[in-house]
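Residues per chain, in single letters:
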Amino acid sequence: MSGRYLVNKLARAFLTIVAIILINFLLFRAMPGSATRLTHSPYQTQEQIDQEQHRLGLDQPLIPNQLVTYVQQTLSLDLGYSFKYKGQPVTQVIGDRLGPTLVLIGLGEIISIIVGLALGAYSGWRRGSAIDRIGGGIGLVLYSMPYFVIGMPLIIIFAAGLGWFPTSGMLTAGATYDSWSAQLFDFLRHLVLPLATVSLGLIGGYSILMRAAIAETRAEDYVTTARAKGLTDGRILRSHAFPNAMLPMVTIIAINLGYVVGGAITAEIVFNWPGIGTLTVDALSARDYPVLQGIFLMLAVTVVVANLVADMVYGLLDPRVRS
Amino acid sequence: MSAGAVVVRRPSRMRGLREFAARFSTRTDGIVGVAILTVFVILALAPALFVGPLENAVTASGLPLDPPSAAHLFGTDELGRDMLNLTVHGARISMTIGLLATVITVVVGVGIGIMSGFLGGRWDAFLMWVTDVFLVLPNLVLAIALAPILLALVGDNAELFGIRATLLVIVVVIGLTSWATTARVIRSQVLSLKERAFVDRARVIGTGSGRIMRRHILPNIINLIVAQSVLTFAYAVFTETSLAFIGLGDPFSPSWGQILNAAQEAGAPGLLAWWYIAPPAVCVVLVVVSFTLVGNALDDVLNPKSGSRR
Amino acid sequence: MTAPDTKPVTPADAAAAIRGRRQWPLPKQAVPGAPLLEVEHLSVRFRMPSGPSVKPVDDVSFRLEDGEALGIAGESGCGKTTTALSLVRLLPANGRISGGSVKLFGIDLVPKTERQLARYRWREISMVFQGAMNALNPVKRIGDQIAEPLEVRLGQPRDASLKRAGDLLELVGIPRKRASAYPHELSGGMRQRAMIAMSLACDPAIVIGDEPTTALDVMVQAQILALLEKLRKDLGLSLILITHDLSVIAETCDRVMVMYAGKVAEEGPVRRVFTAPRHPYTAKLLSAFPNIRADRRNLEVIPGAPPDLRTPPPGCRFAARCDKAMPQCTVEVPPEVRFADGVRVACHLFPPGSEGSLAGDAANLAIASSMPVATAPGEARP
């Protein structure tokens, strides 16, 4: 993979991030009442309001002064202060909620990659068979279900109905624990249904994509060669088809990882999981624009970085690109 | 072309509606999809015909959160409104939003895709970069951010085609976030068409760019556009449901997502009010799956790719 | 030209000599004294998604002896590739052998299950495909791909397999150290050589080459053909070469089988068939090849196109395009007739009974000689 290719990709990624920052700025500054919100209070006199505005630089012209200030601050990771959580920097607010989301998404991705790829590979290899139709059908249905459509029935059946798991939250509200293992157990109990929801949702997508990728390799000439060699079907799938199918799949997985963080919002809402998703919704109803802005930036940058990583990983994996 | 080709290598270009109908009729998945969609389209066109006017808090016909019964086949919501009534009306709203969003997506996506693919060079590079930027924007957060802005622009109560501004915001947001994928798909097809001889020949005789785009490239990608549109529709309904669930919908025009939002707010899952959740959920899944099936079937029939060569 | 000058006295001796040099023992079920490969009345059927099924191979018979090279010639779609693939049942999902037998060392492979058949794949019959770029796995090194059948099929340890892979590469003229290369890092000719090396891994009795030189330029083509010839002599390999290029067959093969629309038109020693073709199609095929030494003349074109095999015409399938067609030809399928010089033909010009008498034979050859006859294309090569 040539250095030139790499530099190109990096430059593009950088430009994209610049565009994101710009959009972010315009978007949230354009939001009605966003500037005055910083200083709004019915008890302030006009003079005090003007003072605040001046202190925060809000009386400066939007472009270029405010923009430049904003870009500078963003690049130095100063994302401002939350409206709702007075005094807390946005980075801290987001940081506190990042953990639960990462745990949920991280585990969900691991499970769904393993299960989804296996299902898809097996299904795509036996294209047209009963197993394929059933597997493909289930995958399609899961893929068409938003997280909350998967989650709500799960709650009804397993939480409210059978009572095996709690209906919401990450930990039991107001609980005290004798030991860390008790806390861990409580956490795990709360994790099961949200994790199942996210996993099922992702399995749908991965199995469909893997199925298509494997089915495509099946038609390739090197598979015919492998059959001519008298290799067993299983060996051909594992040793020949799978590695080739994984090339596009790795790219897809990497890119998907970028999106998934933002996409789990609805899953978090259903289970009231204290992550970025619920933070977003809370910030929406509290009109907490700095936090929303921070989340926007974080999610977009994550996707850009994920795309970059996907490109590089592909370049490392595919011997045709390596040289 | 050798007429004695024994193994069907590549179905020849489609000629006419009859051949299309014949090919499509072999796809059971496509037919099932069309059948299901037809039902929903009929319901969506005239919901009042089937279940009467949309019930609201005032005209609610039943007790709050009543399970399904003879009087209310799907039970009632927390305001006592008949779920069947809500669900059928929801079809109209969800499908209309989906349709409008698809139109925007396809028009913008195809336009940019053709231009980018055909013009090439710097234009292509620039447009693809713009596409990249839109592709990385986080859907839901963007919607959350845009909604109040757009509402402030047009005023809370503006209406277009009888659809309130809040819902139009969703249409715009879906369009903004999904045109990029369509543009890429169209662009790659245009790129491969550009390589084909007939475009070069047209150029050599001096045909202008615009004419080439219209008369040579466009007809060859109509098939792709059709298949893509159907798949976009699936995505649009899916996304609308999610956006409405988050709270960006319009409580007065409850789409399926909005109904589910209300269900969540009312605590339906915890209250075991499955009838509040099942109808809109099942409808969403049915519609999205059907659109996807039809879209894939169309794609296979209209854009044949050569299979195994042996 | 092609037939080796120093031939052992009888075919049986040749067979014994070659079989004696095998690295691995004969299959347990082998029938002593049986010919290497005997295909009788082989038919293949493809089930089509809509409409009637197609028979790309219809009642094809031929025989291959040890150390022989048989060329299968014909236009695209005549069934030559399908015939070869069906020997090891490498048919697509909708394909089936619908009749006939394929006897390897007297063992009929047709009734065997997939598992039983796997024993014979690559170890007795291996293949070299056209366009080795796609036929080789792009993400595996060629050394590994060559070693794979050794490890997996023969259970050899990895280092031994890799070493043998290196030996095979050297045998085909590729430096041993290139074993760590990926297919895309090799030139077209080298890839084809690598495929040949791979096909030899398990010391097979028969190597089938499906258009092995079609994708290559002429110079490389000559090298590959020379390599195949050398390997044949040194290893006692039997070859089945499938190609539409008659000059390749003239260069490398002992016998040739001309196929048309799924059936055998003519089959026999290359010299005989190419200098005195009996079947009108063979003659036309030969005259379609330019002769570099002869005077400039117009190349013959066979008008029309091969029949649609979904609805094969009654009678002889070539009748519609044959300028020697008789009324009988569109009614009755011509039976196969075997001549004293080792040639088989299926054409009503040579009805059963005409092969017996010398006079009949001469008369037939006179008819044949009235057709434009090219010099054997091989002779034209510098």
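This structure is a prediction, so every number in the text was calculated from the model and none was measured.

For the rest of this paragraph, the subject is the overall build of chain C. Scanning chain C for helices and strands turns up 12 helices and 12 strands. Per-residue burial over chain C gives 46% buried out of 382 residues. Long-range contacts, defined here as pairs at least 24 residues apart, represent 65% of the contacts in chain C between residues at least 6 apart.

What follows concerns the sheet that holds strand β5 (residues 107-108) of chain C. All names here are of chain C. Reading across from one edge, β2-β1-β4-β5 is the order of the 4 strands in this open sheet, with antiparallel pairing throughout. Looking along the sheet, the strands with just one partner apiece sit at the ends: β2 (54-64) and β5. As paired strands, strand β1 (residues 37-46) and strand β4 (residues 95-104) are joined by 8 bridges and run antiparallel to one another. Bridged to F46 within β4 is G95. Its contacts with the sheet put helix α2 (residues 80-87) on β1, β2 and β4, and the angle it makes with β2 is roughly 65°.

Time to look at the sheet that holds strand β11 (residues 336-338) of chain C. All names here are of chain C. Spatially, β6-β7-β8-β3-β9-β10-β12-β11 is the arrangement adopted by the 8 strands of the open sheet, whose pairing is mixed. In this open sheet, the two edge strands, each paired with only one partner strand, are β6 (125-128) and β11. On average, adjacent strands in this sheet sit at an angle of 20° to one another, irrespective of strand direction. Pairing analysis gives 6 bridges linking strand β9 (residues 255-260) to strand β10 (residues 263-269), with the strands arranged antiparallel. Each residue of the ladder has a partner; that of R255, found in β10, is P269. Where helix α7 (residues 188-199) meets the sheet, it contacts β6 and β7 (206-210), and its direction lies at approximately 175° from that of β6.

Residue and element names in this part refer to chain C. For chain C, the domain assignment lists domain 1 (24-253) and domain 2 (272-370). Centre-to-centre, using C-alpha coordinates, domain 1 lies 29 Å away from domain 2. Opposite the 11 residues of domain 1 that make contact, domain 2 presents 7 residues. Secondary structure elements with two or more residues in the side of domain 1 that touches domain 2: β2 and α9 (246-252).

Cut-offs applied
- Residues numbered from 1 in each chain as written.
- Chains lettered and ligands numbered in written order.
- Predicted model: local features only at pLDDT ≥ 70, side-chain atom pairs only at ≥ 80, totals over all residues.
- Helix = DSSP H or I, 4+ residues; strand = E, 2+ residues; numbered from the N terminus.
- Buried ≥ 20, exposed ≤ 12 C-beta atoms within 10 Å, placed from the backbone.
- Contact = placed C-beta atoms within 7 Å.
- Pairing = 2+ DSSP bridges.
- Axes fitted to C-alpha atoms, helices over the stretch in contact; angles between N-to-C directions.
- Domains from an automatic or database assignment.

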